[in-house]
Amino acid sequence: MNIVESIDDPKWKRAIRDFRSYLKLERQLSDNSIDAYLRDVSHLAQYAIDNKRSPEEISLDDLRGLVAILHDMGVALATQCRIVSGLRTFYRMMLLEDAVDENPVDLLEMPRGSRHLPDVLTNDEVDAIIATFDLSQPDQERNRVIVEVLYGCGLRVSELVMLHLSNIFPDDECLLVTGKGDKQRWVPINQTALHLMLQYIETIRSHQRIRSGEENYVFINRLGTHLSRNYVFMFLKEAVKKAGIQKNISPHSLRHSFATELVTNGADLRAVQEMLGHEKINTTEIYTHLSHQYLRETISTYHPHYRR
């Protein structure tokens, strides 16, 4: 199945087909280059279809959301930049065809490599996010558990959505997590998060009809399949907005918040490295810088001499 055929939305299918013709006839690119451009646009198309957006309705916020998801998925910086460049070319074509009034990608900053971390949530802010969930709704109860596990265990969102029932070890209060490069590691889970997860499995998940091949996944959607990274990003974004939190938050922010709490409160850096699944200690050391910044901000806020 080629890229155009894999898109099941008629508006996006037509737009991508037009883009292919534009690249071939007007830009006179090679077949390999055309395929690369179409793959880039397919990322946006799938994101847009999941969020019920047509090609003409894509906004700057949608584009930022896509880039955040690519980052959370661990997509290399160079690949992110290439995808953004491909999307810019796609919307140049849309402009030429008068399908849009402006190119939304022109307002999007190129992804940049940085040692700066996403905004970190406080405990009170995590509680405020959880308070937005209507726990009388099964999917909202499940989402509450997801937030508790992401924040309490520091998992990557990809690790969470791929978590299996067989990866839960209640007696040991541990999860066996498969991270990057299919490397497995043991991650402790606190009693609150473990209790809520087991309760979700027993009272909600056990009553769902689950599709064949999906039976071992912990977190299941209404269609009986495991959740997507995109879904977790979108429901968390909505909850953050409802909670009135003015920060740029993604599922990765909960992982960073987990690590920051540990380092700030004196946890051994090697232990944090192990729990996060970082291959190199240099990656984990970023949190010591963030911890120092947090301490400086705390002093400047509460020490009277810093306020003079």
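Colleague: Sorry if this is basic, but what is going on with the nonpolar core here?
Modeller: The nonpolar side chains of a soluble globular protein tend to be buried with one another. Ranked by internal contacts, the top residues of the largest apolar core, which has 42 residues, are V149, L155, L175, M197 and F219. Of all the secondary-structure elements, those providing two or more residues to this core are helix 6 (123-131), helix 7 (138-153), helix 8 (157-161), strand 2 (174-178), helix 9 (191-203) and helix 10 (229-242). Examining the composition of this core, we find that seven residues originate from one element, helix 7, more than from any other. By size, the runner-up hydrophobic cluster in this structure holds 34 residues, among which are I16, Y22, I69 and Y91.

Colleague: Looking at this model, I keep getting lost on the pairing of strand 3 (residues 184-188). Mind explaining?
Modeller: Residues in a regular strand point their side chains to alternate faces of the sheet. Covered by surrounding structure in strand 3 are R185 and V187 only, the residues Q184, W186 and P188 on the alternate face being uncovered. Here five bridges tie strand 2 to strand 3, and the two strands are oriented antiparallel to one another. When the sheet's bridge partners are listed, L176 is paired in strand 3 with W186.

Colleague: What exactly am I supposed to notice about a negative patch on the surface here?
Modeller: Judged by side-chain charge, D18, E26, E97, D98, D101 and E102 come together as a negatively charged surface patch. Mapped onto the secondary structure, E102 falls in the loop between helix 5 (77-96) and helix 6.

Colleague: In this structure, what is going on with the packing of helix 4 (residues 60-72) against helix 5? I would like to understand it.
Modeller: Geometry of a packed helix pair, given as the angle between the helix axes and the separation of the axes. Look at helix 4 against helix 5: their axes get within 11 Å of each other, and the N-to-C directions meet at 155°. On the basis of the axis angle, helix 4 is roughly antiparallel to helix 5. Crossing of helix 4 against helix 5: the hand is right-handed. Contacts between helix 4 and helix 5 pair L63, L66, V67, L70 and H71 from the former with Q80, I83, V84 and L87 from the latter.

Colleague: Can you walk me through the pairing of strand 2 in this structure?
Modeller: Counting buried residues in strand 2 gives four out of five residues, a clear majority hidden from the surface. Both strand 1 (residues 168-169) and strand 2 contribute to a ladder of two bridges, which runs antiparallel. Following the sheet pairing, I168 is matched in strand 2 by L175. Connecting strand 1 to the next strand, strand 2, in antiparallel fashion are four residues, including E173 with a positive phi near 50°.

Colleague: Explain the packing of aromatic side chains here, please?
Modeller: Centre-to-centre distance and the angle between the planes together describe a pair of aromatic rings. Throughout the structure, instances matching the rule amount to nine aromatic pairs. Where F90 meets Y91, the ring centres are 5.0 Å apart and the plane angle is 80°; that geometry is what we call edge-to-face. The exposure classification of F90 matches that of Y91, with both residues buried. With centroids separated by 5.9 Å and ring planes inclined at 65°, the aromatic side chains of F133 and F235 adopt a geometry described as edge-to-face.

Colleague: What should I look at first to understand the environment of P251 in this one?
Modeller: Along the chain, P251 turns up in helix 11 (residues 251-264). When neighbours within four sequence positions are excluded, P251 is seen to be in contact with D72, L150, V157, V232, F233 and L236.

Colleague: Explain unusual backbone geometry to me, please; I cannot follow it from the model alone.
Modeller: As a rule of thumb, non-glycine residues mostly have phi less than zero, and peptide bonds are mostly trans rather than cis. Its identity is not glycine, yet K52 carries a phi of approximately 55°, on the positive side. Tracing the backbone through its elements, the reader meets K52 in the loop between helix 3 (31-50) and helix 4. The backbone of D98 shows a phi angle near 60°, a positive value even though the residue is not glycine. Tracing the backbone through its elements, the reader meets D98 in the loop between helix 5 and helix 6. The class of D98 is exposed, set by a relative accessible area of 67%.

Colleague: Help me out: how do you make sense of the packing of helix 7 against helix 9 in this one?
Modeller: Closest axis-to-axis distance for the helix 7/helix 9 pair is 9 Å, and the angle between their directions is 150°. Taken together, helix 7 and helix 9 sit at an angle that is classed as roughly antiparallel. Once helix 7 is placed against helix 9, the crossing between them reads as left-handed. Only A193, L196, M197, Q199 and Y200 of helix 9 make contact with helix 7, whose side of the interface consists of E141, R142, R144, V145, E148 and V149. Per-class residue counts for the contact of helix 7 with helix 9 are six nonpolar, one polar and four charged.

Colleague: Please explain helix 9 as it appears in this structure.
Modeller: Side chains three or four residues apart in an α-helix point the same way, a direct result of the helix having 3.6 residues per turn. Between its first and last C-alpha atoms helix 9 spans 18 Å; for 13 residues at 1.5 Å apiece the expected length is 18 Å, and the two agree. Every buried residue of helix 9 is accounted for by A193, L194, L196, M197, Y200 and I201. Around the axis of helix 9, the buried residues are gathered within 165° of arc, so they sit on the same side. Facing away from the buried side of helix 9, by more than 90 degrees, are the exposed residues Q191 and E202.

Calculation criteria
- Residues numbered from 1 in each chain as written.
- Predicted model: local features only at pLDDT ≥ 70, side-chain atom pairs only at ≥ 80, totals over all residues.
- Heavy atoms only, no water.
- Core = buried A, V, L, I, M, F, W, Y, C linked by side-chain atoms within 4.5 Å.
- Buried < 20%, exposed > 50% of the residue type's maximum accessible area, 1.4 Å probe, protein only.
- Helix = DSSP H or I, 4+ residues; strand = E, 2+ residues; numbered from the N terminus.
- Pairing = 2+ DSSP bridges.
- Patch = residues over 30% accessible without salt bridge, like charges linked within 9 Å, V, L, I, M, F, W, Y side chains within 5 Å.
- Areas by Shrake-Rupley, 256 points an atom, 1.4 Å probe, with all protein chains shown as cover.
- Salt bridge = Lys/Arg side-chain N within 4 Å of Asp/Glu carboxyl O.
- Lys, Arg positive; Asp, Glu negative; His and termini not counted.
- Charge placed at Lys NZ, Arg CZ, Asp CG, Glu CD.
- Axes fitted to C-alpha atoms, helices over the stretch in contact; angles between N-to-C directions.
- Parallel < 35°, antiparallel > 145°, perpendicular 65-115°, else oblique.
- Left-handed = near helix turned anticlockwise from the far one by under 90°.
- Contact = heavy atoms within 4.5 Å.
- Phe/Tyr/Trp six-rings, centres within 6.5 Å; stacked < 30°, edge-to-face > 60°.
- Nonpolar A, V, L, I, M, F, W, Y, C, P; charged D, E, K, R; others polar.
- Expected span 1.5 Å × (residues − 1).
- Arc of directions from axis to C-beta.

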